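Residues per chain, in single letters:
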Amino acid sequence: MQRLLGNLIVAGALLAAASVHGEDNVTRHGLEDSDFPISLAVETGPQAKTLYLSGTVPEIADESADESAVAAYGDMETQSRSVLTSIAEKLEGLGYEMGDVVMMHAYLVPNPDTGELDFDGFMNAYTEFFGTDDQPNLPARSAVPVPQLANPGWLIEIEVIAAK
């Protein structure tokens, strides 16, 4: 009987601890002394539900262009906006939103015509979705230059992890 009572006390303490953390499923740690729109780290609690969204690529912007050419998808800013819009739609369909994104991996390709990586174009689109008054949550993020993606017209592919 005493052992059962001890087990009930331990179980009650664990439930109490879980309920304390239930409201704090996601904690975002900001970059110190920086206004760059990413988190230093994002921590998920024991009650967080996590979603891993596969890589998303841009939609065709110009149907008259060759589907394997950058012109079909637009410049980096256009492609980034397309990808982030698609991610937002996919997340919504799965019961999440952009504010739930805790980690982002962005694969960026230099424009094959110029050889230049348009990081500013990526950031222009990114800051429409993250760090705004309407959606202030910032993910932890990596932005990695790569030589090419599966389609030579794509300048960007993004995968995200969301949690709530």
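Refer to the structure printed above.
Everything in this summary refers to the structure shown in the same document. Quantities reported herein were computed from a predicted structural model and do not represent experimental measurements. Residue positions are given per chain, counted from 1 along the sequence in the order it is written. Confidence filtering applies because this is a predicted model: local features only for residues at pLDDT of at least 70, side-chain atom pairs given and counted only at 80 or more, and all residues used for totals across whole chains, interfaces and linings. Hydrogens are left out, water is left out, and the side-chain values use all remaining heavy atoms of the structure.

**A short note on a negative patch on the surface**
On the surface, E59, E89, E92 and E97 cluster together into a patch of negative charge. Within the secondary structure, E97 sits in the loop between helix 3 (76-93) and strand 4 (101-108). Any residue under 20% of the maximum accessible area for its type is buried, any over 50% is exposed, and the rest in between are partly exposed; the area is computed with a 1.4 Å probe on protein chains only. When its relative accessible area of 52% is taken as the criterion, E97 is described as exposed. Put simply, a patch holds well-exposed residues, over 30% relative accessible area, that have no salt bridge, with like charges counted together within 9 Å and Val, Leu, Ile, Met, Phe, Trp or Tyr side chains within 5 Å. Residue exposure ignores everything except the shown protein chains as possible cover, and the areas themselves are Shrake-Rupley values with a 1.4 Å probe. Throughout this description, the term salt bridge denotes a Lys or Arg side-chain nitrogen within 4 Å of a carboxyl oxygen of Asp or Glu. Within this scheme the basic residues Lys and Arg register as positive and the acidic residues Asp and Glu register as negative, but His and the chain ends are omitted. Think of each charge as sitting on NZ of Lys, CZ of Arg, CG of Asp or CD of Glu. Only DSSP runs of H or I with at least four residues qualify as helices, and only runs of E with at least two residues qualify as strands; both kinds are numbered from the N terminus onward.

**Quick notes on unusual backbone geometry**
Despite not being glycine, D33 has its phi angle at roughly 55 degrees, a positive value. Mapped onto the elements of the fold, D33 is located in the loop between strand 1 (26-30) and strand 2 (39-44). Residue classification places D33 among the exposed positions, given a relative accessible area of 78%.

**Focus on the sheet that holds strand 3 (residues 50-56)**
Strand pairing follows a simple DSSP-based rule, namely that at least 2 bridges must link the two strands. Spatial strand order, 3-6-4-5: 4 strands in an open sheet with mixed pairing. Both outer strands of the open sheet, strand 3 and strand 5 (140-145), are each paired with one neighbouring strand and no more. Across the sheet, the mean angle from the axis of one strand to that of its neighbour is 10 degrees, orientation sign disregarded. Where strand 4 and strand 5 come together, 6 bridges link them in parallel fashion. Paired with Y107 across the bridge in strand 5 is V144. Where helix 3 meets the sheet, its contacts fall on strand 3, strand 4 and strand 6 (156-163), and the angle it forms with strand 6 comes to roughly 30 degrees. Packing of helix 4 (residues 119-129) onto the sheet brings it into contact with strand 4, strand 5 and strand 6, and relative to strand 5 it is tilted by some 150 degrees. Throughout, an axis means a line fitted to C-alpha atoms (over the contacting stretch in the case of helices), and angles, computed between N-to-C directions, take values from 0 to 180 degrees. Throughout, a residue-residue contact means that at least one pair of heavy atoms, one from each residue, lies within 4.5 Å.

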